[in-house]
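# Fold and geometry: a report
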Amino acid sequence: MKRLVSGIKPTGSLTLGNYIGALRQFVKLQDDLLDTEMFIFIADLHAITTPQDKAQLKKNIKSIAALYIACGLDPDKVNLFIQSEIPHHAELGYVMESTAYVGEMERMTQYKDKKHKQTQGIRTSLLTYPALMAADILLYDADIVPIGDDQKQHLELTRTLAARFNQMYGDTFVVPEAFYPKTGARIKSLTEPEKKMEKSALNPKSYILLLDDINTAKNKIRSAVTDSEAIIRYDVKEKPGISNLMTIFASLSDVSIKDIEEQYKDSDYKTFKEDLATLVGHTLEPIQARYHALMKDPSLDQTLDLGRERARLIAMRKMAKVYKRLGLGRQK
Ligand code: TYM
């Protein structure tokens, strides 16, 4: 049986970008890959690479757990758990720090971007973060890791570290493959379509949150930046705004970009945006309804307990093997 691993950081409420690039893929893969065991977690240790409000973090962790299920993950098919509840992630994270070179960490573009924005009080873990991410994946011998485009470099590094460790200490880790969505691996900002849509952006009109009020979400689509040509044509370079909206449309409807161009060839931006706003509304409504029910349901905790136990068993065995390979402790 193969394994799939992925996670989301609880540093805010989830965006439509997280949904299209990651969550929606998890749900599809859960139904498509019948020979694959899935481990999906809330990457809370990754959240403290930057300052967090304790109460808010707690809330976000639970909220993401509920959103995973509200978006369609089936707790009977997927092991859902919280990263910090399995100490082996941090343990293997340290081993990965002892496998990676500082230069490799410093080359990560996400680190460079964040460091540039923050300038003061940059935590060491912001630099070493990819080692923990590698640990998250390698701990479970993941064959496949569904992610958005922005995690590509981290996944490449994970592959490098797995191969390096295997070479130095003997075959220990599976070298994982990334899995990107066909469309929507990088959903862009609605106000600055050259940039990625992200929850930490300053302008709330630049992103849609899965828990946005439906009318607010629709208005964000209506006011999204486009160009003055008024032709619904996909051209990321010349027309990044409308191309991004087309990508969102294609991802949520499973209609190809080409078919969207054809369907709207005699139309205008206003009509297209209105249709997309309706589609976004139809996507969010059932997710939000399930989400609010789940937040009150004690079975959410049971799901996380079960997921933790299943994951812990695998993680524990793997860690024992890793320490043995390294010659640590007294294990023979
Ligand atoms: P995070 O929490 O920033 O994002 C979670 C997932 O959402 C994807 N994503 C997007 N996809 C398309 N368009 C966007 N605008 C967009 N924004 C985010 C991300 O690519 C990601 O797949 N380091 C990870 C969390 C993590 C992880 C792991 C993932 C920790 N350990 C192990 C996979 C395997 C992160 O910060 O993702």
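Higher on the page you've got the structure.
This write-up is about the structure you can find in this document. (Residues numbered from 1 in each chain as written. Predicted model: local features only at pLDDT ≥ 70, side-chain atom pairs only at ≥ 80, totals over all residues. Heavy atoms only, no water.)

### Observations concerning the packing of helix α9 (residues 214-222) against helix α12 (residues 269-295)
At their nearest, the axes of α9 and α12 sit 9 Å apart, and the two run at 150 degrees to each other. Here α9 lies roughly antiparallel to α12, going by the angle between them. At the point where α9 passes α12, the crossing takes the right-handed sense. Residues I214, A217, K218, I221 and R222 of α9 lie in contact with α12, whose contacting residues are K273, E274, L276, A277, T278, V280, G281, L284, E285 and Q288. Of the residues belonging to the contact of α9 with α12, the class tally is seven nonpolar, three polar and five charged. (Axes fitted to C-alpha atoms, helices over the stretch in contact; angles between N-to-C directions. Helix = DSSP H or I, 4+ residues; strand = E, 2+ residues; numbered from the N terminus. Parallel < 35°, antiparallel > 145°, perpendicular 65-115°, else oblique. Left-handed = near helix turned anticlockwise from the far one by under 90°. Contact = heavy atoms within 4.5 Å. Nonpolar A, V, L, I, M, F, W, Y, C, P; charged D, E, K, R; others polar.)

### Remarks on the environment of Y234
Secondary-structure assignment places Y234 in the loop between α9 and α10 (240-253). When near neighbours in sequence (up to four residues on either side) are disregarded, Y234 contacts S243, M246, T247, I257 and E261.

### Topic: the pairing of strand β3 (residues 78-82)
Burial of β3 is extensive: five of the five residues sit out of reach of the surface. The side-chain alternation of β3 yields two buried faces, one formed by V78, L80 and I82 and the other by N79 and F81. As paired elements, strand β2 (residues 36-42) and β3 share five bridges and run parallel to each other. For I42, the partnering residue across the bridge sits in β3 and is I82. (Buried < 20%, exposed > 50% of the residue type's maximum accessible area, 1.4 Å probe, protein only. Pairing = 2+ DSSP bridges.)

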